[in-house]
Amino acid sequence: MGAEFPGIVRLRCSVKRYEWGKVGEESGVARLYSSNSGEEIDGDEPFAEFWMGTHESGPSSVVANCQMRDGGVEREDGFNRNLVSLKDWILHNPSVLGDKVFQKWGPNLPFLFKVLSVAKALSIQAHPDNSLAAILHKQQPQVYKDDNHKPEMALALTEFEALCGFVVLEEIKSVLQNVPEITDVVGTASANQVLRLSKEDGEKKRKEVLQSLFTKLMSASKAVISDAVSKLISRLNMRIKVRGLTEKEELVLRLEKQYPGDVGVIASFLFNYVKLKFGEALYLDNVVRAGLTPKKLDVQTLCSILTYKQGFPEILRGVPSNPYTVKYLPPFDEFEVDQCILPQGASTVFPAIPGPSVFLVMKGRGTVRQAFSEELVGEGDVLFTPANAQISVRTTSGLSLYRAGISSRFFKKQNV
């Protein structure tokens, strides 16, 4: 396999059936996975995430000896023959990553490209930095499966709701004054500490007070939280009849239906409520869980690693690269994302870069070409393209695709 310089290769990718995912045909992930793998959609199963990359929990495979048929992939003799893991294929063809990428991250892609179909809220999460991630991974490898930090970016394909970061101090004070159930849980003394804070207090003190409040809330017993949530929901349902609810209060009612009696229902008042429109993105680090999830919780670790930075998160709207392509560049070395929407009869070029790319076709049909390698593509197709390769995309009927690659910030730093 390593004797020839690799061109475009087609990937068969993995699916995750987390319980929060949309079910059956309602899930866009299910449709992508079915088109990509040839498997039929189970109408009763949730399809939450479509994974593209080398992550050991859901690795992609390179498909050899394939050709296109009606927008799907036809294998010579069944779907499982002629498959090799992407990571193993890269080990045999290290040049596809480019020297700088291979030296930095080895044969693994430093990013995991995902599509999510979300039916209900994901867990409250944060993630340790690199040093703490390595420690937690060593101590509990079955729980903390990554030994690196985990920067993430969510790019909305439809309207997407998120709770991200702590609200500003004045809003936290307003919450404590208007959501008495929080004070019932944390105690009057803890609530008053926050209410007495001012802008003149240093950042260190504000962090300590907020950390104390949040830790007491998240560490409360299930019985205490269940009672507080019950009182909260009763009060909000009474309010509906009188003067209606705020957007945050309406969200809280929805969260409680999804996760009855969960601490995250109350904690959500402390977070920024973000509504992303199509094409908007936000970035963050996670994954230590502490609420809104049936998975293992690690409240103490989560509360100890948070920066307690307050304020509304930055919303990325992308920077146009050409008339059809928008680039999203979060402040991480590991990845960037391009959104490319081609109308009928259009074409575009992705310039050669020093690292690899993964292309996902969301809908439509077209061709993707690199030098002497060309692939017909349709919905659910995923392509891996090597470093230093110019990629041309063309469509007659319209095409929507997304590209993930190493951040151009990384390469600029390497050239300094």
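Rules of the game
Residues numbered from 1 in each chain as written. Predicted model: local features only at pLDDT ≥ 70, side-chain atom pairs only at ≥ 80, totals over all residues. Heavy atoms only, no water. Pairing = 2+ DSSP bridges. Helix = DSSP H or I, 4+ residues; strand = E, 2+ residues; numbered from the N terminus. Axes fitted to C-alpha atoms, helices over the stretch in contact; angles between N-to-C directions. Contact = heavy atoms within 4.5 Å. Salt bridge = Lys/Arg side-chain N within 4 Å of Asp/Glu carboxyl O. Polar contact = N/O pair within 3.5 Å; in protein donor to acceptor, adjacent residues only side chain to side chain. Expected span 1.5 Å × (residues − 1). Buried < 20%, exposed > 50% of the residue type's maximum accessible area, 1.4 Å probe, protein only. Arc of directions from axis to C-beta. Left-handed = near helix turned anticlockwise from the far one by under 90°. Nonpolar A, V, L, I, M, F, W, Y, C, P; charged D, E, K, R; others polar. UniProt positions renumbered as here; feature names shortened; annotations may be inferred. Phe/Tyr/Trp six-rings, centres within 6.5 Å; stacked < 30°, edge-to-face > 60°. Lys NZ or Arg CZ within 6 Å of the ring centre and 35° of its normal.

Asks: Please clarify how the sheet that holds strand 10 (residues 113-116) should be interpreted in this entry.
Replies: Whether parallel or antiparallel, the strands of a sheet pair through hydrogen bonds between backbone atoms. As summarised here, the arrangement of the three strands in space is 2-5-10, forming an open sheet in which the pairing is antiparallel. On the outer flanks of this sheet lie strand 2 (14-16) and strand 10, each paired with one strand and no other. With direction set aside, neighbouring strand axes in the sheet form an average angle of 25°. Where strand 2 and strand 5 (residues 49-52) come together, three bridges link them in antiparallel fashion. Counterpart to S14 in the pairing with strand 5 is W51. Those strands touched by helix 1 (residues 28-37) are strand 2, strand 5 and strand 10, and its axis lies near 45° from that of strand 5.

Asks: Looking at this structure, how should I read the sheet that holds strand 24 (residues 373-377)?
Replies: Taken together, the four strands give an open sheet; going across it, the order is 21-26-23-24, and neighbouring strands pair in antiparallel fashion. Because the sheet does not close on itself, it has two edges, and the strands there are strand 21 (347-350) and strand 24. Within the sheet, the average angular offset between the axes of one strand and its neighbour, ignoring direction, is 15°. Bridge count for strand 23 (residues 366-370) against strand 24 is five bridges, and the pairing is antiparallel. Bridge pairing links G366 to V377 in strand 24.

Asks: Help me out: how do you make sense of the pattern of salt bridges in this one?
Replies: Once the charged atoms of two side chains with opposite charge are near each other, the side chains can pair. Counted according to the given criterion, the structure contains 19 salt bridges. Residue D333 pairs with K413 through a salt bridge whose shortest N-O separation is 2.7 Å. Here K413 lies in helix 13 (residues 408-415) and D333 lies in the loop between strand 19 (325-328) and strand 20 (336-342), a separation of 80 residues in the sequence. R403 is the partner of D338 in a salt bridge, and the nearest nitrogen-oxygen pair spans 2.8 Å.

Asks: What is the right way to look at the environment of W51 in this model?
Replies: Along the chain, W51 falls in strand 5. The sequence separation of W51 and L116 amounts to 65 residues, and the corresponding C-alpha distance is 9.1 Å. The contacts of W51, once residues within four sequence positions are left out, are C13, S14, K16, Y18, S57, G58, S60, L112, F113 and K114. A distance of 2.7 Å separates a polar atom in the side chain of W51 from a polar atom in the side chain of E49.

Asks: Can you walk me through helix 8 (residues 203-219) in this structure?
Replies: Note: α-helices contain 3.6 residues per turn, so residues at a spacing of three or four share the same orientation. Between its first and last C-alpha atoms helix 8 spans 24 Å; for 17 residues at 1.5 Å apiece the expected length is 24 Å, and the two agree. The complete set of buried residues in helix 8 reads V209, L210, L213, F214, T215, L217 and M218.

Asks: When you look at helix 7 (residues 188-195) in this model, what are you seeing that I'm missing?
Replies: For helix 7, the complete set of buried residues consists of S190, A191 and V194. What you see down the axis of helix 7 is that its buried residues fit within an arc of 100°, all on one side. Structural note: helix 7 exposes T188 and A189 on the side pointing more than 90 degrees away from its buried face.

Asks: For this particular structure, what's the right way to read unusual backbone geometry?
Replies: Peptide bonds are trans in most cases, and residues, glycine excluded, mostly fall at negative phi. The backbone phi angle of A371 is positive, close to 50°, even though this residue is not glycine. Positionally, A371 belongs in the loop between strand 23 and strand 24.

Asks: Would you take a moment to explain the packing of helix 7 against helix 8 for this structure?
Replies: The angle between the axes and the distance between the axes are what describe a pair of packed helices. Relative orientation of the contacting elements helix 7 and helix 8 amounts to 150°, with a least axis distance of 9 Å. In the packing of helix 7 onto helix 8, the handedness of the crossing is left-handed. Of helix 8, the residues touching helix 7 (which contributes S190, Q193 and V194) are V209, S212, L213 and K216. Along the lines of polarity and charge, the residues of the contact of helix 7 with helix 8 split into three nonpolar, three polar and one charged.

Asks: Even after reading the chapter, I still don't get the UniProt feature "binding site: Zn(2+)" (unreviewed entry) in the chain, so can you show me in this structure?
Replies: Within the UniProt annotation, "binding site: Zn(2+)" (unreviewed entry) is assigned to Q125, H127 and E152. Within the element layout of this structure, E152 appears in strand 12 (residues 151-155). A relative accessible area of 22% places E152 in the partly exposed class.

Asks: Can you help me understand the packing of aromatic side chains in this one?
Replies: Taken as a whole, this structure holds ten aromatic pairs when the rule is applied. Both rings, one in W89 and one in F384, keep their centres 5.7 Å apart while their planes meet at 80°; by these two values the pair is edge-to-face. With W89 in helix 2 (residues 86-92) and F384 in strand 25 (residues 382-385), this pair connects stretches of sequence that are 295 residues apart. The same class applies to W89 as to F384, namely buried. With 5.4 Å between their ring centres and 55° between their planes, F166 and F271 make a pair best called tilted. Of the two residues, F166 sits in strand 13 (residues 160-166) while F271 sits in strand 14 (residues 271-276), which places them 105 residues apart along the sequence. F271 shares its class with F166; the two are buried. A connected cluster of aromatic rings, assembled from ring pairs, spans W105, F410 and F411. Just above the ring of Y259 sits the side chain of K120; from NZ or CZ to the centre is 5.0 Å.

Asks: What should I look at first to understand the packing of helix 5 (residues 169-178) against helix 7 in this one?
Replies: The N-to-C vectors of helix 5 and helix 7 enclose an angle of 145°; their axes lie 9 Å apart at closest approach. In this structure, helix 5 crosses over helix 7, and the sense of that crossing is left-handed. Taken together, the residues of helix 7 that come into contact with helix 5 (itself represented by L169, I172, K173, L176 and Q177) are A191, V194 and L195. A breakdown of the residues in the contact of helix 5 with helix 7 according to their chemical character gives six nonpolar, one polar and one charged.

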